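Chain by chain, the residues:
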Amino acid sequence: AYVYTDLTQGGMEYVCPDPLCSHDDPSVCPFTAARQSASFCPTEDGFFYFAIFGTANAKVFKADLSKGTVKAVYEVKSTTVGFCGTENGIVYLEDNETVTDKNTKTTQTTFTLLALDVKTDEILFERKVPDGNCITCIRDGKILCHTPRELLEYDMTFGNPKTLFSFEGTGGFGEWY
């Protein structure tokens, strides 16, 4: 059977309950696309979100485990998307868009926080993440972000920044978190 570990509730959860399923034929197993994903997000209400990226535009899918269905619910602007958490019927995503300057060969990555309503599958808002920040997670109505040197907490509009931890030295936050 195809399983994942639910870190919010604990324990193993079945994505595809058929122990003999090969999970490679979409006409037999609706969860075939989940095998291509590197990013997953279970919700409190029995849904399972996953993203497939690496192509021109990453896609976010919603699996209804009780009905055995999977559907595409959102296509992001970039090639990479990550899940930041789920609270109160909202799945939070971070769209990571990297643009390379053809002349200088330098890259610039911008991050956008998206809020996806679990009931309607609509994007409730998009908010640009402050420059230099990358979202770590969303918990209790707060956004935790990190830079190479700090762990920061913001409100849900990226206002009221508060430094939770600061790192000095030769390493960086991303090297040990």
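Scroll up to find the structure.
Bear in mind the structure is a predicted one, so any value in this text is a computation, not a measurement.

Criteria and thresholds
- Residues numbered from 1 in each chain as written.
- Predicted model: local features only at pLDDT ≥ 70, side-chain atom pairs only at ≥ 80, totals over all residues.
- Heavy atoms only, no water.
- Pairing = 2+ DSSP bridges.
- Helix = DSSP H or I, 4+ residues; strand = E, 2+ residues; numbered from the N terminus.
- Axes fitted to C-alpha atoms, helices over the stretch in contact; angles between N-to-C directions.
- Buried < 20%, exposed > 50% of the residue type's maximum accessible area, 1.4 Å probe, protein only.
- Core = buried A, V, L, I, M, F, W, Y, C linked by side-chain atoms within 4.5 Å.
- Contact = heavy atoms within 4.5 Å.

Asker: I tried to follow the sheet that holds strand E5 (residues 59–64) on my own but got confused; where do I start?
Answerer: Across the sheet, four strands lie side by side as E3-E4-E5-E6; this open sheet has antiparallel pairing. At either end of the open sheet lies a strand with only one pairing partner, and these are strand E3 (39–42) and strand E6 (69–75). Strand-to-strand twist of the sheet, defined as the mean angle between neighbouring strand axes without regard to direction, takes the value 25 degrees. In this sheet, E5 lies alongside strand E4 (residues 47–52) in antiparallel orientation, the contact comprising six bridges. Bridge pairing links Phe47 to Asp64 in E5.

Asker: What am I meant to see in the pairing of strand E7 (residues 80–87) here?
Answerer: Taking burial as the measure, the eight residues of E7 include seven buried ones, the bulk of the element. Judged from the seven bridges that link them, E7 and strand E8 (residues 90–100) form a sheet pairing that is antiparallel. In the sheet register, Gly85 faces E8, and the bridge partner there is Tyr92. Counting the residues between successive antiparallel strands, the hairpin from E7 to E8 contains two residues, one of them, Asn88, with a positive phi of roughly 50 degrees.

Asker: Would you take a moment to explain the nonpolar core for this structure?
Answerer: A general trend in soluble globular proteins is that nonpolar side chains are found buried together. If you look at the biggest cluster of nonpolar residues, it comprises 17 residues, and the most contacted ones within it are Tyr92, Leu113, Ile135, Ile138, Ile143, Cys145 and Phe158. Elements with a minimum of two residues in this core: E8, strand E9 (107–117), strand E11 (134–139), strand E12 (142–146) and strand E13 (150–154). Beyond its immediate sequence surroundings of up to four residues, Leu113 is in contact with Tyr92, Leu93, Phe125, Glu126, Arg127, Val129, Ile135, Ile138, Ile143 and Phe158. Listed in part, the 16 residues of the second largest apolar core include Cys41, Tyr74, Val91 and Leu114.

Asker: Even after reading the chapter, I still don't get the sheet that holds E11, so can you show me in this structure?
Answerer: Sheets are built from strands that pair by backbone hydrogen bonding, the pairs being arranged parallel or antiparallel. If you walk across this open sheet you meet the four strands as E11-E12-E13-E14, and the pairing is antiparallel. Two strands in the sheet have a free side with no partner beyond their single neighbour: E11 and strand E14 (162–166). In this sheet, neighbouring strand axes are inclined to one another by 25 degrees on average, regardless of whether the strands run parallel or antiparallel. Bridge analysis of E11 against E12 gives five bridges, and the strand direction is antiparallel. Note that in E12 the partner of Cys137 across the bridge is Leu144.

Asker: Would you mind showing me how to read unusual backbone geometry here?
Answerer: It is generally the case that most residues other than glycine have a negative phi and that most peptide bonds are trans. Backbone geometry at Asn88 places phi at a positive 50 degrees, although glycine is not the residue there. By the element assignment, Asn88 lies in the loop between E7 and E8. Judged by relative accessible area, Asn88 falls into the exposed class, the value being 74%. Of note, Phe158 is a non-glycine position whose phi angle comes to about 65 degrees, a positive value.

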